[in-house]
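# Observations on the three-dimensional arrangement
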Amino acid sequence: MESIKPFHVMALLGKARELEQQGRDIIHLEVGEPDFNTPQPIINAGIEALRKGKIHYTPSLGLMSLRQAIADFYQQRYSLDIPASRVVVTPGASGALLLIIGALIGADDAVMLADPGYPCNQNFVRFVDGIIQAIAVDESSSYQLTAEIIEQNWQKNTKAVMIASPANPTGTLVPDDEMKKIIQLVKEKQAYLIVDEIYQGLVYDIESSCALSCGNSGTGLDNQHIIIINSFSKYFQMTGWRLGWMIVPDHLLQACDHLAQNLFLAAPTTAQNAALAAFLPETIEILEQRRLIFQQRRDYLYPRLLELGFKIPVKPQGAFYIYCDCSNHTDNSMTLANDLLEQTGVAVTPGIDFGNNHPERYMRFAYTRDVQYLEQAIQRLSAFL
Ligand SMILES: Cc1ncc(COP(=O)(O)O)c(C=O)c1O
C-alpha cells in the first residue's frame, strides 16, 4: 500500500469544495469527466430495465445482447468484424484494466508505458507485483511511445506495452502508421499490446480510429496479441454508471471470465441495460453534437493558453485535455495549481498526478466546462499571471 500513490488532484478538489462552501465561485477545470448529462435515450433504457425488474446479476462477461451491440458498433463505425464472444463487459475501463493486468502479468513481468500517462495504470501493475517500465516521453513523439522507443527500451521481462490513444493527460494520438509498426514489433517480441481507447470518438480534425484496424488483416481477427480497452465513461458520458469493455484474444477469455467471477461477479446490470441504447442513431446524434462542443472549447482554450505564456508543443487532437508546460510562470506546478485555486478560484490538475517526468513543469486543463466558464477562467488567469 505504501507504494500506491494518492491522486493529488483529489486533495485539490477537496480544497475546492471547501472554498465553494465558503461561498467562493470555483471554475472546475481539473475534473476528467464530461459535464454533460448521460444522453436521454440511455437514461430511459436504464429506467425501463429497472421497471421491468432487471436487477439480477448478468453473466460475468456481460449481457450477450450488449456484447453483440458493441461488436456491431465496431462493424458499423470501423468496418471491423469482431465476434461478440471476444467482447468482455466490465465495470468501467478500470475493471477491464484490472482484469487484463491480472490475467497477463505475474510477479516480475514488466509492463512498458509512457510517462506522463494515466496514473492508475502503474498501480494496477504494482497490484500484481509486476514491474513498471515507465518511459519518459516528450513532444518529439507527441508524448507517446513509438516503435523505436519501445525497441530501445525492451527488456527480457517485458511482457506487455500499454498505450492510450487519445491519451490522458496530453490529448495526443498515436498515428495509424505508427500503431502498425508498434503492433508488428510487439508481435515479433511475442508480447502483448494493450491499447486504451477510452477517449475513442472524442477526436477533432481527424477521423476516429481503432488500433485493430491497424493489425495484420485489418479485421482484428488474427490480432491475438492485442487487447483493446474501452469505456462508456467518456464519449458516451456515463462515468457514474461504471461500465466499460475490452476486446481480448480468444485464449485470454477464460482467464478474464474466471477473474471477473471472483473480483466483481459482473458489471452493473442497470448500466448494461442502459448502454444497449448507447449505439442508437438518436444517441450517437446527441454525442456527435457534444463532440463538436468539446472541439469548440479546445479551439477557444488552446490559443488563449498559448497567449498567456503556457507552452503546448503538440496541439491535442483528442480527449478533453490540454497538458501545458508552465515553466514560463513557475518551477513548481503544484504550488501554481494551489495558488490558482486559492487566489483565482480556477482548479487545474498538477503534473505530479501523471508521473515522474518533470511533473513540476506541467499542468492539465480539462475543458469539461462551457466556453463561458473557460472565458472567465482565462480572464482570472490573465489577471493573476
Ligand atoms: C486513460 C484512462 N483509462 C481509463 C480510465 C478509467 O475510466 P473508467 O473506469 O471510468 O472507464 C480513465 C479515466 O479517467 C482514463 O483517463
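Definitions and cut-offs
- Residues numbered from 1 in each chain as written.
- Predicted model: local features only at pLDDT ≥ 70, side-chain atom pairs only at ≥ 80, totals over all residues.
- Heavy atoms only, no water.
- Buried < 20%, exposed > 50% of the residue type's maximum accessible area, 1.4 Å probe, protein only.
- Helix = DSSP H or I, 4+ residues; strand = E, 2+ residues; numbered from the N terminus.
- Pairing = 2+ DSSP bridges.
- Salt bridge = Lys/Arg side-chain N within 4 Å of Asp/Glu carboxyl O.
- Axes fitted to C-alpha atoms, helices over the stretch in contact; angles between N-to-C directions.
- Parallel < 35°, antiparallel > 145°, perpendicular 65-115°, else oblique.
- Contact = heavy atoms within 4.5 Å.
- Nonpolar A, V, L, I, M, F, W, Y, C, P; charged D, E, K, R; others polar.
- Left-handed = near helix turned anticlockwise from the far one by under 90°.
- Polar contact = N/O pair within 3.5 Å; in protein donor to acceptor, adjacent residues only side chain to side chain.
- Right-handed = clockwise from strand over helix to strand, strands pointing away.
- Phe/Tyr/Trp six-rings, centres within 6.5 Å; stacked < 30°, edge-to-face > 60°.

As a further point, take the pairing of strand β7 (residues 226-231). For β7, the tally of buried residues reaches 6 of 6 residues, placing the bulk of the element in the interior. One ladder, built from 4 bridges, connects strand β6 (residues 192-196) with β7; its direction is parallel. In the sheet register, I194 faces β7, and the bridge partner there is I227. Bridge count between β7 and strand β8 (residues 244-247): 4 bridges; the pairing is antiparallel. Pairing of S231 across the sheet is with G244, part of β8.

Let us look at the pattern of salt bridges. Taken as a whole and assessed by the stated rule, the structure comprises 13 salt bridges. Between D35 and R297 there is a salt bridge, and its shortest N-O distance comes to 2.9 Å. With D35 in the loop between β1 (27-28) and α2 (40-51) and R297 in helix α10 (residues 281-307), the pair connects residues that are 262 residues apart, well separated along the chain. A relative accessible area of 34% places D35 in the partly exposed class. Note that D370 is salt-bridged to R297, the shortest N-O span being 3.2 Å. You can see D370 sitting in the loop between β12 (362-366) and α12 (371-384) and its partner R297 sitting in helix α10, a full 73 residues away along the chain. Given a relative accessible area of 34%, D370 falls into the partly exposed group. A residue is classified by how much of its surface remains accessible, and R297, at 0% relative accessible area, is buried. Salt bridges here are not isolated pairs; linked through shared partners, they connect D35, R297 and D370.

Relative to each other, α10 and α12 sit at 10°, their axes nearing to 10 Å. One element, α10, and the other, α12, form an angle in the roughly parallel class. Along its contact with α10, which presents Q296, R297, Y300, L301, R304 and L305, the element α12 presents V371, L374, E375, I378 and L381. Broken down by class, the residue content of the contact of α10 with α12 amounts to 7 nonpolar, 1 polar and 3 charged.

Packed helices, taken two at a time, are described by the angle between their axes plus the distance between the axes. Running from N to C, helix α4 (residues 92-104) and helix α8 (residues 250-263) cross one another at 120°; their axes reach a closest spacing of 9 Å. With respect to α8, the element α4 is oriented oblique. Helix-helix and strand crossings are classified by hand; for α4 and α8 the assignment is right-handed. Between α4, through L98, L99, I100, G102, A103 and L104, and α8, the contact on the second element is made entirely by L252, A255, C256, L259, A260 and L263. Among the residues making up the contact of α4 with α8, the classes are represented as 11 nonpolar, 1 polar and no charged.

Bringing the sheet that holds strand β9 (residues 321-325) into the picture now. Strand order in this open sheet of 3 strands is β9-β12-β11, and the pairing throughout is antiparallel. One side of each edge strand has no neighbouring strand; the edge strands of this open sheet are β9 and β11 (349-350). Taken together, the 2 bridges between β11 and β12 define a ladder with antiparallel strand orientation. From the neighbouring strand, P350 faces β12, where its bridge partner is M363. Against the sheet, α10 engages β9 and β12, with an angle of about 5° to β9.

Before going further, it helps to spend a moment on the environment of F294. Looking at where F294 falls in the secondary structure, it is placed in helix α10. Considering only alpha carbons, one finds F294 and G318, 24 residues apart in sequence, at a separation of 9.3 Å. Those residues within four positions of F294 in sequence are excluded, and the remaining contacts are P34, F36, L202, Y204, Q237, F320 and Y367.

Below, the discussion takes up the side chain of R298. Here R298 shows up in helix α10. Engagement of the side chain of R298 in a polar contact is seen with the side chain of D205, the distance being 3.1 Å. At 2.9 Å, the side chain of R298 forms a polar contact with the side chain of D299. The residues contacting R298, other than those within four sequence positions of it, are Y204, D205, P303, K315, P316, Q317 and Y367.

As defined by bridge partners, strand β3 (residues 110-115) adjoins strand β4 (residues 131-136) across 6 bridges and the pair is classed as parallel. Within the sheet, the bridge partner assigned to V111 lies in β4 and is I132. Running through helix α5 (residues 120-127), the crossover from β3 to the neighbouring parallel element β4 is right-handed.

Counted by the stated rule, this structure contains 20 aromatic pairs. With centroids separated by 5.2 Å and ring planes inclined at 55°, the aromatic side chains of F232 and F236 adopt a geometry described as tilted. The exposure class of F232 is buried, given its relative accessible area of 0%.

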